[in-house]
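Letter by letter, the chains look like this.
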Number of protein chains: 2
Amino acid sequence: MVHQPYETLIHKSEAVDADAMVLGLPDVCGDQALEASACCKRPRGRPRAYDPDLVLKKALHVFWQKGFAATSLDDLVEATGVNRPSLYAGFGDKEALYLKSMQHYRQRISEQLDTVLCCNGQGDSLTTIVGRYFDIMIGTYTGQSEHPLGCAFMCTALNEAPQHESILEMLQNTIEEFDVRFERFFIDAQTYGCLSAQHDPKVLAQMIGGITANLGVRARAGASADELRLIAGNMTRMLFG
Amino acid sequence: MVHQPYETLIHKSEAVDADAMVLGLPDVCGDQALEASACCKRPRGRPRAYDPDLVLKKALHVFWQKGFAATSLDDLVEATGVNRPSLYAGFGDKEALYLKSMQHYRQRISEQLDTVLCCNGQGDSLTTIVGRYFDIMIGTYTGQSEHPLGCAFMCTALNEAPQHESILEMLQNTIEEFDVRFERFFIDAQTYGCLSAQHDPKVLAQMIGGITANLGVRARAGASADELRLIAGNMTRMLFG
DNA sequence: AAATTTTTGTGCGAATTGGTACAAAAATTT
DNA sequence: AAATTTTTGTACCAATTCGCACAAAAATTT
C-alpha cells in the first residue's frame, strides 16, 4: 500500500477529525503513522523528513491568511518545505490537509482554555477568569502575523461551509463544543456560588460566543489587541459587573 | 473608449464603492451608465441587454454561496445570463463585481434597517424595535436558499480581507457604519427616555454587533430561523429585559 | 441611408490549478 | 548483502482559471 491516505478515503464526509482529536489519533495518514504511534521503535521504510505537527502549523498559517480556496498547493509546498506528493501521502488532499490544520488550531486553543476556564469557587472571580479567556483569544487573533488574522474558523471555514460537507461538520462540532464548554463553566460557577442563579448558563454561553465572534471579526478588519481588550472589557463588565 | 471600466481602474484600492453608495453613483461602469443616470433619454449605442441591479443580485447569490475565490467567471456567467466580456465591460473584473454585489447587499439591508431602527420615544419599546431588527437580519441570513447562507460579509469578505485591500476597506467601512448606526440609535433612545443613562451606547452597539455576528455564524452552520430567533430573544432579554 | 457609438458573443490563449506516475533514495528486515 | 518497505523528488497531465481580441449586432446621430 503506497501513497494511499486511507484515512481520508474512508471518513471523508464524517466528523472524523473532531473524533480523531478527542480519541488522540494521529493526524498523519502515511504508513509510518500507525506504528510510530504504537511503539517508539522506528518504522520500516524511509523515515519521514518533516515533523507533521510543524507542517500542520505552517499549513494553517497559509490557510489562515489566504483562505482555503485561494491557497494553492504550491503555496503549501513553499510554506511547509514538503513537496507535493509527500504532502499528499502524508495528509491526503487539500481539503484533508485543511481539516487537519484546523484541528491543530482547535486543539491548541482547547488546551489553552483548559488551563484557564475552570471555576471551583476558590480561585479568582468570574470576571477575572472570563477576562483571561478573552486575553487568550485576542492573543491568537492578533499574534500570528504583523497584520491580525482574526478567528481562523470564522474567517476561513465559514466561507467554505456550503460547498464542503466535511468543513461544515467541523464547524458545527466546533460551535457545539464551544457552547457546551461555556455552559458547563457557568453551571459550575453557579454551583460554587460565583454566579447568581438568575443567569441562564446557556444564554450566557451564547453571549460569550457572540462577543468572541465580534473580536474575531474586528481583528481580521485590523483592530489591534489593545482595542480588542477594551471591547472585551466593556462587554464583560456589562454582563457580570 | 470601448470595454474600459475606467471606474475600477481609477478607484481600485480606495473605498470607492462605499462612497459611491453614499453619493448615489451608479454601480455600472459601461459608457451608457453616465448618460443613463443623467437623463432619461436613451444613450447612443446598442442598449444593454441586462438589468444591472438584477445581475448584481444574482452575482451576489453565487458569491454568497461559494465565496469570492471559489466563484469562477463561468459561474457568474451562468448565474447572471450575461456573458463574460459584457460582465467585464459593465462591472470591471471579478473583484469589482464582487464589491458591487456586496454594496448591493449592504444597501438593501441598510434600507430595511432605516424603516425599523428609529426611536423617537413615541412608538414601540426598545426591546420590540431590537427584536424587529434581529428578525430582519435572521430573514436575510436564512431566507436566500433552502440552506441558510448566513451573513455575506462575515462568511465571504472576512475570508478575502488580508489578500484584497479593497475588500478589507469595504469590511472596515461596513463595521464602522454598523457601530455608528447603533450608537446613534441608543443615544436617541436615551434622550427619549427609552433607555436608562447607565447604559453606554457604544458598548451596547458592540453588544448588538456581537449578537448579530453570532447569528450570522450559526446560520451558516445550519441553524434554522426559529433557533436563531430563540437565541436573539434570549440575548435581547438579557440585555434590556 | 451612411456614419458613429456601444454592447454582444464567439473563441482563444497564457497561466495556474489539483492531483499523480515513476524512479531514486533511505531506512529496516531477512 | 539482498530483499522489502516507505518516503522523496522530478516531471507531467488534464482541467480550469481569468481576461481579452475581434467581428457582428443594435441602437442613435448626422
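For the structure, see preceding data.
Bear in mind that the values here come from a model prediction, so they are computed numbers and not experimental data.

(A) Broad picture of the overall build of chain A. On a plain count of helices and strands, chain A comes out with 12 helices and zero strands. Taken from the N to the C terminus, the helices and strands of chain A come in the order α-α-α-α-α-α-α-α-α-α-α-α. Counting the 241 residues in chain A, one finds 51% classified as buried. Once local pairs closer than 6 in sequence are excluded, the contacts in chain A between residues at least 24 apart make up 69%. Counting every atom, chain A has about 11200 Å² of accessible surface; 51% of that belongs to carbon and sulfur.

(B) Structural view of the packing of aromatic side chains. Residues and elements named next belong to chain A. Applying the stated criterion to the full structure yields 28 aromatic pairs over all chains. Arranged with centres 5.9 Å apart and planes meeting at 35 degrees, the rings of Tyr 50 and Phe 91 form a pair that is tilted. With Tyr 50 in the loop between α3 (32–38) and α4 (52–66) and Phe 91 in helix α6 (residues 84–91), this residue pair connects regions lying 41 residues apart in the sequence. For the pair shown, Tyr 50 and Phe 91 are each scored as buried. Ring geometry for Phe 185 and Phe 186: centres 5.2 Å apart, planes at 65 degrees, overall edge-to-face. Here Phe 185 and Phe 186 have matching classes, each one buried. Put simply, the rings of Tyr 133, Phe 134, Phe 178, Phe 182, Phe 185, Phe 186 and Phe 240 touch in pairs and so form one group of aromatic residues. The ring of Phe 68 carries the charged tip of Lys 94 above its face, separated from the ring centre by 4.6 Å.

(C) Molecular detail of helix α4 (residues 52–66) of chain B. Residue and element names in this part refer to chain B. The end-to-end C-alpha distance of α4 is 21 Å, a good match for the 21 Å that 15 residues give at a rise of 1.5 Å each. Of all the residues in α4, the buried ones are Pro 52, Val 55, Leu 56, Ala 59, Leu 60, Val 62, Phe 63 and Trp 64. Looking at the buried positions of α4, the neighbouring elements they touch are α5 (73–80), α6 (84–91), α7 (94–116), α8 (126–142), α9 (152–160) and α11 (201–220).

(D) Structural detail: the environment of Lys 57 of chain A. Residue and element names in this part refer to chain A. Among the secondary structure elements, Lys 57 is positioned in helix α4. Taking the relative accessible area as the measure of exposure, Lys 57 reaches 49% and is therefore partly exposed. In this structure, the C-alpha to C-alpha distance between Lys 57 and His 104, residues 47 residues apart in sequence, is 7.3 Å.

(E) Seen up close, the environment of Leu 239 of chain A. Within the element layout of this structure, Leu 239 of chain A appears in helix α12 (residues 225–240). Each C-alpha atom of the pair Leu 239 of chain A and Ile 208 of chain A lies 9.4 Å from the other, and the pair is 31 residues apart in sequence. Among residues more than four places away in sequence, those in contact with Leu 239 of chain A are His 199, Leu 204, Met 207 and Ile 211 of chain A together with Met 207 and Met 238 of chain B.

(F) Summary view of the interface of chain B and chain A. Taken residue by residue, the interface counts 39 residues in chain B and 39 residues in chain A. Both faces combined, the contact of chain B with chain A buries some 3500 Å², and carbon together with sulfur accounts for 68% of it. Together, Leu 158, Asn 159 and Met 238 of chain B form the three largest contributors to the area buried by chain B at its contact with chain A, with a combined 18%. The salt bridge involving Asp 179 of chain A is made with Arg 218 of chain B; its shortest N-O contact spans 2.8 Å. Connecting chain B to chain A are 12 residue pairs in polar contact (both at pLDDT 80 or more). Of the residues forming the side of chain B that touches chain A, the biggest block, 12 residues, is contributed by α11 of chain B. Each residue belonging to the side of chain B that touches chain A can be placed in one class, and the counts come to 22 nonpolar, 13 polar and four charged.

(G) Up close: the relation of the copies chain B and chain A. The transformation that overlays chain B on chain A combines an axial shift of 0.0 Å with a rotation of 180 degrees, and the residual RMSD is 0.0 Å. In the structure described here, the two chain copies are related by an operation that fits a two-fold rotation axis. In terms of C-alpha distance to the rotation axis, chain B has Gly 210 of chain B as its closest residue, with the C-alpha 2.2 Å off the axis. Of the interface residues in chain B, 100% have counterparts in chain A that sit at the interface too, so the contact is made through matching surfaces.

(H) Representation of the packing of α7 of chain B against α9 of chain B within the structure. All names here are of chain B. In the contact formed by α7 and α9, the axes pass within 12 Å of each other and the chain directions differ by 155 degrees. Regarding the angle of α7 to α9, the classification is roughly antiparallel. Seen along the crossing, α7 lies across α9 with a hand that is left-handed. Contacts between α7 and α9 involve Tyr 98, Met 102, Tyr 105 and Arg 106 on the former and, on the latter, Ala 152, Phe 153, Thr 156 and Ala 157.

(I) Representation of the state of the cysteines. Residues and elements named next belong to chain A. With the rule as written, the count across this model stands at zero disulfides over all chains. The thiol of Cys 155 is not disulfide-bonded; the next cysteine sulfur, from Cys 151, is found 6.0 Å away. Free cysteine: Cys 194, not disulfide-bonded; nearest cysteine sulfur from Cys 119 at 3.5 Å.

(J) The arrangement of the pattern of salt bridges in detail. For the structure on display, the rule yields 18 salt bridges over all chains. Taking the shortest distance from any N to any O, the salt bridge between Arg 84 of chain A and Asp 74 of chain A comes out at 2.2 Å. With Arg 84 of chain A in helix α6 and Asp 74 of chain A in helix α5 (residues 73–80), this pair connects stretches of sequence that are 10 residues apart. According to the relative accessible area criterion, Arg 84 of chain A is partly exposed, its value standing at 39%. A salt bridge links Glu 183 of chain B to Lys 202 of chain B, with the nearest nitrogen and oxygen atoms 3.3 Å apart. Of this pair, Glu 183 of chain B sits in helix α10 (residues 165–191) while Lys 202 of chain B sits in helix α11, placing them 19 residues apart in sequence. Residues joined by salt bridges that share partners form a network here, namely Arg 106, Asp 114, Glu 177 and Arg 181 of chain A.

About the cut-offs
- Residues numbered from 1 in each chain as written.
- Chains lettered and ligands numbered in written order.
- Predicted model: local features only at pLDDT ≥ 70, side-chain atom pairs only at ≥ 80, totals over all residues.
- Heavy atoms only, no water.
- Helix = DSSP H or I, 4+ residues; strand = E, 2+ residues; numbered from the N terminus.
- Buried < 20%, exposed > 50% of the residue type's maximum accessible area, 1.4 Å probe, protein only.
- Contact = heavy atoms within 4.5 Å.
- Areas by Shrake-Rupley, 256 points an atom, 1.4 Å probe, with all protein chains shown as cover.
- Phe/Tyr/Trp six-rings, centres within 6.5 Å; stacked < 30°, edge-to-face > 60°.
- Lys NZ or Arg CZ within 6 Å of the ring centre and 35° of its normal.
- Expected span 1.5 Å × (residues − 1).
- Buried area = accessible area lost by both parts, 1.4 Å probe.
- Salt bridge = Lys/Arg side-chain N within 4 Å of Asp/Glu carboxyl O.
- Polar contact = N/O pair within 3.5 Å; in protein donor to acceptor, adjacent residues only side chain to side chain.
- Nonpolar A, V, L, I, M, F, W, Y, C, P; charged D, E, K, R; others polar.
- Least-squares fit on C-alpha atoms with pLDDT ≥ 70 in both.
- Axes fitted to C-alpha atoms, helices over the stretch in contact; angles between N-to-C directions.
- Parallel < 35°, antiparallel > 145°, perpendicular 65-115°, else oblique.
- Left-handed = near helix turned anticlockwise from the far one by under 90°.
- Disulfide = S-S within 2.5 Å.

This is a description of form; function is not addressed.
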